[in-house]
Amino acid sequence: MVRTRIRRTQISLLYGALIVLLSTLLLGCAPAEDAAIDRPYSVAVFVPGVVEGSPTYEMLVEGVRRAVDESGNATVRIVEGGFNQAEWAGGITSLAATGSYDLIVSSNPSLPEIVNEVSQSFPEQHFLVLDGYWEGNPRLRTVMFNQREQAYLNGYFAGLVTTGGMPDSNDALRIGLLAGQEYPMMNQVIRPAFLEGAQAVNTDIELDFRVLGNWFDAGRAADLANSMLDRGVDVILSIAGGGNQGVIATARDRNAYVLWFDSSGFHHGPGVVIGSSLVKLDQAAYERTLEAIEGSLEFGVGEVLGVADGYVRFDDQDPNYIEYVPEDVRARHADLMQRLMDEPMEFAIPGAN
Ligand code: RBF
């Protein structure tokens with residue numbers, strides 16, 4: 001009897017311990033809030049166009065990937081929105097509608113307005129847009145670069161080239177700019193600042209401005225470049241995505257020069273691409289995405305970064321620059337860079353809300 005009772009007590013104790021153990025285990029993994037904390041931070045990158053051939057988009061993807069890799073607890077999905085701009089709002093809406101992404105990242109000056117609109121239907125969704133500007137949407141953070149300084153750096157260099165700075169400079173004081181399309185940042189900032197920089201070298205310099213009409217047609221870009229060279233242009237700034245390759249091909253055939261915008265472009269045509277302004281969009285994308293993952297990114301604000309902040313540069317370190325560009329030209333351009341460091345250029349953002 002006594003022995004039986006002891007055994008029963010032991011058995012019920014054992015059962016009790018088991019129940020406690022099981023419930024601890026179950027409770028330990030059950031609550032939804034804990035699961036949410038452990039789930040990786042999820043990022044989607046919406047590329048308004050295609051990545052290949054567009055310097056800013058290549059930097060965007062590189063920077064976000066680096067942040068995600070480094071954080072160790074985040075995932076990223078890259079979505080190419082294609083060249084039909086009428087489809088971009090739908091593409092962003094689809095991503096937001098999944099509710100799967102903690103952050104949607106994109107880049108170009110037309111995106112903040114689209115994102116702000118989509119955001120009205122998905123008020124919890126967070127967005128980061130680079131190369132664009134918006135203030136006052138509590139779920140939208142933007143990072144823009146001082147493109148007046150950036151275009152001025154290219155323009156001053158073009159001015160040095162067209163006034164005789166390079167072996168194949170001609171006598172005409174004419175520089176070229178090819179743009180993928182017209183948009184406020186191009187028409188109101190990049191184009192005038194490019195000419196302003198050139199005219200700081202010689203006030204007689206004229207600008208031949210052409211529009212490709214898309215961001216991919218290298219054949220048509222080559223035709224437009226030929227037409228510019230026929231009119232006495234000897235140096236062309238190409239901001240035309242995949243079209244840039246056509247400009248390089250023409251310039252190579254006809255001993256003219258190309259300037260690159262946004263990322264370092266010398267390797268695309270050594271001796272042909274002879275100048276390259278830089279925006280550190282990759283670095284900004286990396287830093288801001290990492291802050292978002294860590295929960296410290298401030299939303300609702302738009303920041304503007306320029307030469308003095310270290311985010312707008314001119315690549316004077318590339319071996320091709322040193323090899324192909326005469327020393328006196330490099331020295332004069334270095335002086336300009338120093339001037340902009342000491343005295344940033346004022347920058348009126350087109351369409352700032
Ligand atoms: N730049 C590119 O290199 N590739 C593109 O596909 C591209 N698409 C654009 C579409 C729109 C609607 C706008 C406003 C700009 C686009 N840009 C593109 C230009 C880019 O945002 C930026 O202005 C330039 O790269 C100069 O920094």
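Before any of the text, the structure's been laid out above.
None of these values were measured; they are calculated from a predicted model.

Observations concerning the overall build of the protein chain
Thought 1: From N to C terminus, the protein chain includes 12 helices and 12 strands.
Thought 2: Across the 353 residues that make up the protein chain, the buried fraction comes to 51%.
Thought 3: When the accessible area of the protein chain is evaluated, it comes to approximately 16400 Å², of which 50% is carbon and sulfur surface.

Describing unusual backbone geometry
Residues other than glycine predominantly adopt negative phi, and peptide bonds predominantly adopt the trans conformation.
Thought 1: With phi around 155 degrees, Asn 108 is a residue other than glycine that occupies positive phi space.
Thought 2: By the secondary structure assignment, Asn 108 is in the loop between strand S3 (103-107) and helix H5 (111-121).
Thought 3: Owing to a relative accessible area of 9%, Asn 108 belongs among the buried residues under this scheme.

Concerning the site of the ligand
Thought 1: Every one of the 19 residues lining the ligand counts as a neighbour, but Ser 54, Asp 131, Gln 147, Tyr 183 and Asp 262 are closest to it.
Thought 2: At 2.7 Å from an oxygen atom of the ligand is found a side-chain nitrogen or oxygen belonging to Asp 262.
Thought 3: With the chains in place, 97% of the 540 Å² that the ligand exposes on its own is no longer accessible.
Thought 4: At three residues, helix H3 (residues 55-71) tops the list of elements feeding residues into the shell around the ligand.

Quick look at the sheet that holds strand S2 (residues 74-80)
Thought 1: Sheet architecture is open: six strands sit in the order S2-S1-S3-S4-S5-S11, paired in parallel fashion. Only two strands of the sheet have a single neighbouring strand rather than two, namely S2 and strand S11 (302-305). Sheet twist, expressed as the average angle between the axes of neighbouring strands with direction ignored, equals 15 degrees.
Thought 2: Summarising the sheet, strand S5 (residues 140-145) and S11 pair through four bridges and their orientation is parallel. Bridge pairing in S11 links Met 144 to Val 304.

What counts and what doesn't
Residues numbered from 1 in each chain as written. Predicted model: local features only at pLDDT ≥ 70, side-chain atom pairs only at ≥ 80, totals over all residues. Heavy atoms only, no water. Helix = DSSP H or I, 4+ residues; strand = E, 2+ residues; numbered from the N terminus. Buried < 20%, exposed > 50% of the residue type's maximum accessible area, 1.4 Å probe, protein only. Areas by Shrake-Rupley, 256 points an atom, 1.4 Å probe, with all protein chains shown as cover. Near = heavy atom within 4 Å. Polar contact = N/O pair within 3.5 Å; in protein donor to acceptor, adjacent residues only side chain to side chain. Pairing = 2+ DSSP bridges. Axes fitted to C-alpha atoms, helices over the stretch in contact; angles between N-to-C directions.

Any functional reading would require information that these geometric values do not contain.
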